[in-house]
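Summary of the model geometry
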Amino acid sequence: MNQIRTRSTGKSSDFYGHCEICGKYASDIHTMSVRCSYTRRDGTAGHYMAGTWFGHKDCLDQQARLQNPCNEEAKADAMVDRLDFGDAA
Ligand SMILES: [Zn+2]
């Protein structure tokens with residue numbers, strides 16, 4: 001199951017820079033991290049981190065709804081990172 005975790009950083013764009021989604025100033029920057037699940041070739045479940053975004057809470061929520069961060073392209077990138085241990089077991 002995919003997991004999307006959003007939380008407030010408690011800091012504004014003065015600290016983190018503008019919202020990554022809309023590019024505007026935010027008085028309360030939130031961070032969203034997305035963990036995706038996939039099925040390995042042997043049928044077992046695996047996870048990978050799709051990424052972390054900073055911005056308005058509303059922008060992040062919208063981003064998660066409109067774009068599937070767990071798309072095939074993201075998985076392909078993540079798979080490269082885990083090649084050294086993914087099939088070793
Ligand atoms: Zn925004």
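Residues numbered from 1 in each chain as written. Predicted model: local features only at pLDDT ≥ 70, side-chain atom pairs only at ≥ 80, totals over all residues.

What follows covers the overall build of the protein. A tally of regular secondary structure across the protein gives four helices and three strands. When the elements of the protein are put in sequence order from the N terminus, they spell out β-α-β-β-α-α-α. Scored against the burial criterion, the 89 residues of the protein give a buried share of 15%. A separation threshold of at least 6 residues defines the contact pool for the protein, and within that pool the share at least 24 residues apart is 55%. (Helix = DSSP H or I, 4+ residues; strand = E, 2+ residues; numbered from the N terminus. Buried ≥ 20, exposed ≤ 12 C-beta atoms within 10 Å, placed from the backbone. Contact = placed C-beta atoms within 7 Å.)

This next bit is on the confidence of the model for the protein. For the protein, per-residue confidence averages 83 on the pLDDT scale, and residues scoring 70 or more make up 80% of the total. Helix 4 (residues 83-86) is the least confidently modelled element of the protein, averaging 47 in pLDDT, while helix 1 (residues 13-16) averages 97, the highest of any element. Note that pLDDT drops below 50 for residues 83-89; the model gives that stretch zero contacts with residues more than four away or on any other chain. (pLDDT = per-residue confidence, 0-100.)

Okay, the sheet that holds strand 2 (residues 30-39) next. The three strands are arranged 1-2-3 in an open sheet whose pairing can be described as antiparallel. Unpaired on one side and paired on the other, strand 1 (3-8) and strand 3 (45-55) mark the two borders of the sheet. Strand-to-strand twist in this sheet, taken as the mean axis angle between neighbours without regard to direction, amounts to 15 degrees. Relative to strand 3, strand 2 runs antiparallel, the two sharing ten bridges. Residue pairing for strand 3: Ser37 is matched across the bridge by His47. (Pairing = 2+ DSSP bridges. Axes fitted to C-alpha atoms, helices over the stretch in contact; angles between N-to-C directions.)

Right, let's talk about the environment of Asn2 for a bit. Of note, Asn2 is situated in the segment before strand 1. Each C-alpha atom, one on Asn2 and one on Pro69, is 9.6 Å from the other, the two residues being 67 residues apart in sequence.

This brings us to the environment of Arg5. Structurally, Arg5 is set in strand 1. Here Arg5 falls in the exposed class, since 10 other C-beta atoms lie within 10 Å of it. Note: C-alpha distance between Arg5 and Met32 (27 residues apart in sequence) is 5.5 Å. When residues no more than four places from it in sequence are discounted, the contact partners of Arg5 are Met32 and Ser33.

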